[in-house]
There are 2 protein chains.
Amino acid sequence: MRTYDIIKKKRDGQTLVQNEIQQIIEGYVQGTVPDYQMSAFLMAVFLKGMTDEETFHLTDTMLKSGETVSLAGIKGFTVDKHSTGGVGDKTSLVLGPILAALDLKVAKLSGRGLGHTGGTIDKLESIKGFSCDIPTDKFIEIVNRVGVAIVGQTANLVPADKKMYALRDVTATVDSIPLIAASIMSKKLAIENKGLILDVKVGSGAFMKKLEDARELARLMVSIGKQAGRKVTAVLSNMDEPLGEMIGNSLEVLEAAETLKGKGPSDLTELVKILASEALLISTNRMINQSQASKKVEEVIATGRAFKKLVEMVQAQGGDQTVIENTDRLPISKDIVPLLAENSGFISAIECEEIGLAAMMLGAGRETKEAKIDFKVGLRLLKHVGNKVEKGEILAAVYVNPLLNNEAAIKRLSSAFHISQNPVQPQKLILDIVS
Amino acid sequence: MRTYDIIKKKRDGQTLVQNEIQQIIEGYVQGTVPDYQMSAFLMAVFLKGMTDEETFHLTDTMLKSGETVSLAGIKGFTVDKHSTGGVGDKTSLVLGPILAALDLKVAKLSGRGLGHTGGTIDKLESIKGFSCDIPTDKFIEIVNRVGVAIVGQTANLVPADKKMYALRDVTATVDSIPLIAASIMSKKLAIENKGLILDVKVGSGAFMKKLEDARELARLMVSIGKQAGRKVTAVLSNMDEPLGEMIGNSLEVLEAAETLKGKGPSDLTELVKILASEALLISTNRMINQSQASKKVEEVIATGRAFKKLVEMVQAQGGDQTVIENTDRLPISKDIVPLLAENSGFISAIECEEIGLAAMMLGAGRETKEAKIDFKVGLRLLKHVGNKVEKGEILAAVYVNPLLNNEAAIKRLSSAFHISQNPVQPQKLILDIVS
């Protein structure tokens, strides 16, 4: 079939078969299908949609465009977590050790951050000596021994996605649920875990603004994962305000350690417990029930076994574990500026994106790929949506680099807080579970 | 506004304003908007449509991308006819002289044909000495004196259309009524006639297969023309079988001359009379009625005045007018192969495209731009849809070049005729008039 006819078929709302999808995607990666045909195709997909089966074939073709990572050397149930992204999301740092403590295996490939704050790799590298650049055999050995390791992604995973995403980004074809699902799932399925927990963020600070869209994305990703023979569950969680209290690299490592000791903020604690329970449920083929799973998760936190796994992982990856054992030693700025409430009332919204951009301006994130992150800076939110505040009360503690002029960042932070005269209902964190 | 936002706006079904349309089209012509953004935009237009006003702005921006042809030097009511194209369509050769005889002014810029049979220019060049390559001042002088001249198009009209059409052709975005209307009308409006008669062909042999689509295209083109301040009428005519009897270059000149003498086939005669009447109606601001207009058209044919205009035009453009005065002198092959009916019954269909391709195989059309046309060859259809035929009866006379093997062409011709056992209703020629 000619590329033209594949575009036309999708344009007319018909369902493409596997080899038609393979032909256009493989042709695009190889360069025989030009950008202008792919962008017309993507717009047709955007406007006419794809069935679950088409989306699976798209995902499968995309993932086969590059290398895949075999985890065959790891004994036990390998499981990964993917978050659709948000501000203050240090879930991976907490969840990995909990899952390891539950005897699951977490072989995580992660990325660096661009914008807002650093990625998981950046956060870990704020620990002195910690290396994410580890040879594969050592990585596998650590996962088998400790249960968790987090390294930088070096394999050429899913080049089709890189090329397609760059094109979607300039042709207004990003916000398509089948295309988003295929993009995420091709990258996750390229790493051959047995299980996958998807943390789909919903709300003003997330990619998915509406619950119904997020639910559809979750349903589709679970469907793709199952068609690929993986065990998958998606948790829909609120991202109308940042997750937890800390934003910034060392600050988030601190909060992760506290949460693993059972002293973390309630929202982050609740979310990681749910994610860990769901991972346990899929790993046991649901031979245990939800409340049994929750109990086991609480147990590994209460006994300190989960926290110990973080220490072990840091040590195994060359990091100075004493900064985890004694978090006072983490490199956190001593220059703290209080952010004060300008009015009395109830916090009605905390704009995630503004908070993230302000954190970047403080130095916690990269504006360009080459920029260096300042691990020490960031902020701690002392108030959440729904809280009552008095004028002049502290909304957040801002950890700054005193050599910078932080006025603009602090102004931005301040404007991210909305205060209403009427009482505001605190928001529900877990919105749905799709499996 | 960024190109991205213009694409997104159309993708979301919103209406673009004039300067947004200008920005993306002008950017595309200048090369600042790349093909891949334009093809995503075109697919969004294809699937989301355009309002009449948007389509007018699109047309206007396209026509302003290149040169325009002023006809200010011509005294009187300048009028052009455009046909959406079909097989055996020699309407321009007949209509031009009739309109000149009615004291309208026809300054026609025409093209060469590719595929099927030659274009109007090719047909005229089958007359010995006839030149379509005439300087502008001479062209204007002939139109003022004779009333009609037909020359080749040399100006760089509507480069936006050339670039957009090439892209649409490979991205499955051709069959969009707003895009078709803008493409046709930008080219027609670039020549500054006062009036325009659109002959919109409908049926299996036409670009528009369905009456409702053709009616929408006609309505939209009339709307664009009026927004541009021109007088426009569209006639919808049947193209379920070739128009007239002759297909081939000299053969069509012969048929045009016969029709101007009142001895042409009934379908061609009916169509040119309607088109001429409509031109007369718009030129007089409908101060006369339809039946008065028809009467004037019949008069110029009956008195020989229309035929005389063809002779004058041929003479003015350097052609040997004696081949028109005595059409026996036209270069037409003497080698005639009869095409016989293989069964008895009623003609249910004559596939235009197959007839056209067979004519090209005989030598009457170009397969590539460089190919040379054989003016002498072609065919004469002796039967029309609805006619009763006996097995062995002659369906068509095929004028061949005896030096070629014409077997495949004749086989193709034969398979273009469909014969049914049940009586078939002859088809109505004029389907609607939109003004």
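Scope of this entry: the structure provided in the associated data block. Just so it is clear, the structure is predicted and the values come from calculations on it, not from any experiment. Note that residues are indexed from 1 along each chain, following the sequence as it is written. Whichever chain is written first is A, and whichever ligand is written first is 1; the rest continue in order. Side-chain atom pairs in this predicted model are given and counted only at pLDDT of 80 or more, local residue features only at pLDDT of at least 70, and totals for whole chains, interfaces and linings cover all residues. Hydrogens and water are ignored here; the side-chain numbers use all heavy atoms of the structure.

1. Side note on the overall build of chain A
Next, step 1: Working definition: helices are DSSP H or I runs of at least four residues, strands are E runs of at least two. Numbering for both runs from the N terminus. Scanning chain A from N- to C-terminus turns up 17 helices and 13 strands.
Next, step 2: Since a compact globule built from 435 residues should have a radius of gyration of about 22 Å, the 22 Å found for chain A is in line with a globular shape.
Next, step 3: The burial tally for chain A puts 59% of its 435 residues in the buried class.
Next, step 4: Any two residues having at least one pair of non-hydrogen atoms within 4.5 Å are treated as being in contact. Contacts in chain A between residues at least 24 apart in sequence constitute 79% of all its contacts with a sequence separation of at least 6.
Next, step 5: Each accessible area value is a Shrake-Rupley result obtained with a 1.4 Å probe; residue values ignore everything except the protein chains displayed when judging cover. When the accessible area of chain A is evaluated, it comes to approximately 17400 Å², of which 49% is carbon and sulfur surface. The atom set for the radius of gyration is the C-alpha atoms, and the globule formula is 2.2 Å times the number of residues raised to the power 0.38. The buried label applies to any residue whose accessible area, calculated with a 1.4 Å probe on protein chains only, is under 20% of its type's maximum; exposed applies above 50%, and partly exposed to all values in between.

2. Notes on the relation of the copies chain A and chain B
Next, step 1: Here the copies were fitted onto each other by least squares, based on C-alpha atoms from residues at pLDDT of at least 70 in both. Rotating chain A by 180° and translating it 0.1 Å along the rotation axis places it on chain B, where the RMSD comes to 0.1 Å. Interpreted geometrically, this transformation is the action of a two-fold axis. For chain A, the residue whose C-alpha comes nearest the rotation axis is A:Tyr36, separated from it by 1.9 Å.
Next, step 2: Interface overlap between copies: 100% of the residues of chain A at the interface are likewise at the interface in chain B, consistent with a symmetric, same-surface contact.

3. Things to note about the packing of helix H1 (residues 3–11) of chain B against helix H2 (residues 18–30) of chain B
Residues and elements named next belong to chain B.
Next, step 1: Angular values range over 0 to 180 degrees, each being the angle between N-to-C directions of two axes fitted as lines to C-alpha atoms, with helices fitted over their stretch in contact. One way to put it is that H1 packs onto H2 with a least axis distance of 10 Å and a crossing angle of 120°. The angle between the axes of H1 and H2 places the two elements in the oblique class. H2 is crossed by H1, and the crossing has left-handed handedness. In contact with Thr 3, Ile 6, Ile 7 and Lys 9 of H1, H2 contributes Glu 20, Gln 23 and Ile 24.
Next, step 2: A per-class count over the contact of H1 with H2 returns three nonpolar, two polar and two charged. What sets the label is the angle itself: under 35 degrees gives roughly parallel, over 145 gives roughly antiparallel, 65 to 115 gives roughly perpendicular, and the rest give oblique. For any pair of crossing helices, the crossing counts as left-handed if the nearer helix is rotated counterclockwise from the farther one by less than a right angle, and right-handed if it is rotated clockwise. Classification used: nonpolar for Ala, Val, Leu, Ile, Met, Phe, Trp, Tyr, Cys and Pro, charged for Asp, Glu, Lys and Arg, polar for all others including Gly.

4. Concerning the sheet that holds strand S13 (residues 430–434) of chain B
Residue and element names in this part refer to chain B.
Next, step 1: In this analysis, strands are considered paired if DSSP registers two or more bridges between them. An order of S1-S4-S5-S13 is seen for the four strands of this open sheet, with the pairing classed as mixed. Single-partner strands in this sheet number two, and they are strand S1 (79–83) and S13. Direction aside, the axes of adjacent strands within the sheet are offset by 15° on average.
Next, step 2: Judged from the eight bridges that link them, strand S4 (residues 195–202) and strand S5 (residues 231–238) form a sheet pairing that is parallel. Across the sheet, Val 200 pairs through a bridge with Leu 236, a residue of S5.
Next, step 3: The sheet contacts of helix H12 (residues 266–283) involve S1, S4, S5 and S13, and relative to S4 the element is tilted by about 150°.

5. Some words on the environment of B:Asp161
Residues and elements named next belong to chain B.
Next, step 1: In this fold, Asp 161 is placed in helix H8 (residues 159–170).
Next, step 2: Distance in space between the C-alpha atoms of Asp 161 and Ala 182 is 8.6 Å, their sequence separation being 21 residues.
Next, step 3: If we skip the residues at most four places from it in the chain, Asp 161 touches Met 62, Ser 183, Ser 186 and Lys 187.

6. Things to note about the interface of chain A and chain B
Next, step 1: With 21 residues of chain A in contact, the opposing surface of chain B contributes 21 residues.
Next, step 2: Carbon and sulfur atoms make up 73% of the surface buried where chain A meets chain B, a total of about 1800 Å² over both sides.
Next, step 3: Here's the idea: put two parts together, see how much 1.4 Å probe accessible area each one loses, and the total over both is what we call buried area. For chain A, the biggest contributors to the area lost against chain B are A:Arg11, A:Tyr36 and A:Leu47; these three give 32% of the whole.
Next, step 4: Just to be clear on terms, a salt bridge is a Lys or Arg side-chain nitrogen sitting within 4 Å of an Asp or Glu carboxyl oxygen. At the junction of chain A and chain B, the tally comes to zero salt bridges.
Next, step 5: What qualifies as a polar contact is a pair of N or O atoms within 3.5 Å, subject to a donor-acceptor requirement within protein and to the restriction that residues adjacent in sequence count only when both atoms come from side chains. Counting the contacts that link chain A with chain B gives seven residue pairs in polar contact (both at pLDDT 80 or more).
Next, step 6: Secondary-structure elements contributing two or more residues to the side of chain A that touches chain B are helix H1 (3–11), helix H3 (35–48) and helix H8 (159–170) of chain A.
Next, step 7: Of the residues contributing to the side of chain A that touches chain B, the split by class is 11 nonpolar, four polar and six charged.

7. Points about the packing of aromatic side chains
Within a pair of aromatic rings, the relevant descriptors are the distance that separates the centres and the angle that separates the planes.
Next, step 1: In this analysis, rings of Phe, Tyr and Trp, with Trp reduced to its six-membered ring, are considered paired at centre separations within 6.5 Å, and the interplanar angle assigns stacked below 30 degrees, edge-to-face beyond 60, and tilted for intermediate values. For the structure on display, the rule yields zero aromatic pairs over all chains.
Next, step 2: Only when the NZ atom of a Lys or the CZ atom of an Arg is both within 6 Å of the ring centre and within 35 degrees of the ring normal do we say a charge sits over the ring. The ring centre of A:Tyr28 lies 4.4 Å from the NZ or CZ of A:Lys163, which sits over that ring.

8. Looking at helix H16 (residues 352–362) of chain A
Residues spaced three or four apart along an α-helix point in a common direction, a consequence of the helix completing one turn every 3.6 residues.
Residues and elements named next belong to chain A.
Next, step 1: Of all 11 residues in H16, eight are buried; the element is thus mostly enclosed.
Next, step 2: Along H16, the positions that sit buried rather than exposed are Cys 352, Glu 354, Ile 355, Gly 356, Ala 358, Ala 359, Met 360 and Leu 362.
Next, step 3: The secondary structure elements touched by the buried residues of H16 are strand S6 (246–247), strand S8 (345–350), strand S9 (378–381), strand S11 (394–399), helix H17 (407–416) and strand S12 (417–420).
Next, step 4: Just past H16, the residue Gly 363 takes up positive phi, approximately 120°.

Without other data, these values stay purely geometric and don't point to any function.
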